[in-house]
Amino acid sequence: MADPTGRPDHAFPEAQREGLYRAIFERRDVRAQFRPDPIPPAVLARLLEAAHHAPSVGFMQPWDFLLIDDRAVRGRVHAIFERENAKAAEAHIGERGALYRRLKLEGILESPLNLCITCDRSRGGEHVLGRQSIVEMDLFSTCLAVQNLWLAARAEGIGVGWVSILDQDELAEVLGLPENVYPLAYLCLGYVDEFLDRPELARAGWRQRLPLAERVHGNGWGQVAEAPALFEALAAREGER
């Protein structure tokens with residue numbers, strides 16, 4: 001695509017752009033559609049490489065990747081989930097509580113591989129460039145590694161499910177993590193029978209996607225953004241989905 005200003009055009013070709021946006025829009029938190037087929041080493045290597053190329057503050061790269069295929073270890077993690085999920089269910093009563101208990105919220109035992117992405121909070125030393133004011137930037141950076149892996153997995157046809165209903169201290173003990181290493185994301189990976197057309201929680205009626213136009217502010221919280229062309233474009237995009 002030529003830039004009318006004559007400046008170099010660094011955009012991807014259209015087909016590659018569409019592939020990226022497809023991965024973003026079709027990514028799902030997978031819990032129940034896993035197949036037992038193992039992930040080939042070459043494919044897993046690509047996913048880990050994608051995660052390792054995430055941006056990180058001060059280039060500290062605080063992540064590590066724990067591959068978990070031992071059934072005994074996964075059983076211990078699943079037991080933590082069961083206890084924490086039972087406690088979480090108590091917060092929802094009536095129809096909401098009944099719906100919560102019907103939801104499938106993990107695939108720890110069904111998926112062929114579990115992966116824990118950790119954050120080493122000491123990596124880079126005491127003074128990491130760009131982290132002086134916001135000490136949580138190491139955690140945020142590791143989240144970007146998770147997202148990189150998730151999008152790459154969707155492009156490879158691999159489902160990913162993030163199990164967040166876990167006691168992190170117990171999980172760290174099961175995995176033998178050092179004191180300075182935080183288990184940021186416990187993921188279930190594997191090929192799937194299908195990718196749902198909508199997020200599972202939306203399909204189940206738990207919560208729907210918020211309108212994007214209502215989340216856009218201008219120059220300050222709650223102020224209207226004077227950008228009619230943008231809102232027209234957002235409306236057009238919404239109409240296409």
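Worth saying up front: this structure is predicted, and the values here are computed from it rather than measured. (Residues numbered from 1 in each chain as written. Predicted model: local features only at pLDDT ≥ 70, side-chain atom pairs only at ≥ 80, totals over all residues. Heavy atoms only, no water.)

Q: Can you lay out the overall build of the protein chain for me, pointing to particular residues and giving the numbers?
A: A count of helical and extended segments in the protein chain gives 8 helices and 4 strands. For the protein chain, the sequential pattern of α-helices and β-strands runs α-α-β-α-α-β-α-β-α-β-α-α. Referenced to the eigenvectors of the C-alpha coordinate spread, the extents of the protein chain come out at roughly 60 × 50 × 40 Å. Taking all 241 residues of the protein chain together, the buried fraction comes to 37%. Computing the positive centroid from 28 side-chain charges and the negative centroid from 36, the protein chain places the two 4 Å apart. (Helix = DSSP H or I, 4+ residues; strand = E, 2+ residues; numbered from the N terminus. Buried < 20%, exposed > 50% of the residue type's maximum accessible area, 1.4 Å probe, protein only. Lys, Arg positive; Asp, Glu negative; His and termini not counted. Charge placed at Lys NZ, Arg CZ, Asp CG, Glu CD.)

Q: Give a detailed account of the environment of Glu-232, specifying residues and quantitative values.
A: With respect to the element layout, Glu-232 can be found in helix 8 (residues 228-240). The spatial distance from the C-alpha of Glu-232 to the C-alpha of Leu-20 is 23 Å, given a sequence separation of 212 residues.

Q: Can you lay out the UniProt feature "domain: Nitroreductase" (unreviewed entry) in the protein chain for me, pointing to particular residues and giving the numbers?
A: Under the UniProt annotation, the feature "domain: Nitroreductase" (unreviewed entry) is placed at residues 25-191. Here residues 25-191 is 41% helix and 18% strand, with 18 Å between the C-alpha atoms at its ends. (UniProt positions renumbered as here; feature names shortened; annotations may be inferred.)

Q: Give me the packing of helix 2 (residues 41-52) against helix 5 (residues 137-155): which residues, what numbers.
A: What describes two packed helices is the angle between their axes and the distance between those same axes. Orientation of helix 2 relative to helix 5, taken along the N-to-C sense of each, is 145°, at an axis distance of 7 Å. In the crossing of helix 2 with helix 5, the sense of the turn from one axis to the other is right-handed. Facing helix 2, whose interface residues are Leu-47, Leu-48, Ala-50 and Ala-51, helix 5 presents Ala-145, Asn-148, Leu-149, Ala-152 and Ala-153. Residue composition of the contact of helix 2 with helix 5, by class: 8 nonpolar, 1 polar and no charged. (Axes fitted to C-alpha atoms, helices over the stretch in contact; angles between N-to-C directions. Left-handed = near helix turned anticlockwise from the far one by under 90°. Contact = heavy atoms within 4.5 Å. Nonpolar A, V, L, I, M, F, W, Y, C, P; charged D, E, K, R; others polar.)

Q: Tell me what's going on with empty space enclosed by the protein, and back it up with residues and numbers.
A: What the rule picks out here adds up to 1 cavity of 30 Å³ or more. Around the largest cavity, the lining residues are Arg-28, Asp-29, Val-30, Gln-33, Glu-194, Phe-195, Leu-196 and Glu-200. Of the residues in the lining of the largest cavity, the class split is 3 nonpolar, 1 polar and 4 charged. (1 Å grid on protein atoms, 1.4 Å probe; cavity = no way out; pocket = protein on both sides within 12 Å on 5 of 7 lines; lining within 4 Å. Points joined across faces, edges and corners; volume = space filled by probe spheres on them.)

Q: Describe in detail the pattern of salt bridges, supporting the description with residues and values.
A: Counted according to the given criterion, the structure contains 15 salt bridges. With a shortest N-O distance of 2.3 Å, Arg-83 and Glu-170 are connected by a salt bridge. Placement of the pair is Arg-83 in helix 3 (residues 71-89) and Glu-170 in helix 6 (residues 168-175), with a sequence separation of 87 residues. Judged by relative accessible area, which is 42%, Arg-83 ranks as partly exposed. Judged by its relative accessible area of 27%, Glu-170 falls in the partly exposed class. (Salt bridge = Lys/Arg side-chain N within 4 Å of Asp/Glu carboxyl O.)

Q: Could you give me a rundown of the side chain of Arg-28, with the residues and numbers involved?
A: Residue placement: Arg-28 occurs in the loop between helix 1 (14-26) and helix 2. Although Arg-28 lies buried, it forms no salt bridge, and the closest oppositely charged side chain, Asp-197, sits 6.3 Å away as judged by the N-O distance. A polar contact is formed between the side chain of Arg-28 and the backbone oxygen of Leu-196, at a distance of 2.9 Å. One polar contact links the side chain of Arg-28 to the main-chain carbonyl oxygen of Asp-197, over a distance of 2.8 Å. For Arg-28, the contacting residues outside a window of four places in its chain are Trp-150, Val-160, Phe-195, Leu-196, Asp-197, Arg-198 and Pro-199. (Polar contact = N/O pair within 3.5 Å; in protein donor to acceptor, adjacent residues only side chain to side chain.)

Q: Which residues make up the sheet that holds strand 4 (residues 181-191), and what values go with them?
A: Spatial ordering of the open sheet is given by 1-2-4-3, a layout of 4 strands whose pairing is antiparallel. Of all the strands in the sheet, just strand 1 (63-68) and strand 3 (158-162) have a single pairing partner and so form its edges. On average, each strand axis in the sheet is tilted by 30° relative to the strand beside it, whichever way the strands run. Across 6 bridges, the pairing between strand 1 and strand 2 (residues 113-120) is antiparallel. (Pairing = 2+ DSSP bridges.)

Q: So what about the packing of aromatic side chains? Which residues, and what values?
A: Centre distance and the angle of the planes are the two values used to describe a pair of aromatic rings. The final tally for this structure, using the stated rule, is 3 aromatic pairs. Judged by centre distance (6.3 Å) and plane angle (20°), the rings of Tyr-21 and Phe-25 are stacked. With Tyr-21 and Phe-25 both in helix 1, this residue pair falls 4 residues apart, about one helical turn. A cation over an aromatic ring shows up here: Arg-96 above the ring of Trp-206, its NZ or CZ 3.6 Å from the ring centre. (Phe/Tyr/Trp six-rings, centres within 6.5 Å; stacked < 30°, edge-to-face > 60°. Lys NZ or Arg CZ within 6 Å of the ring centre and 35° of its normal.)

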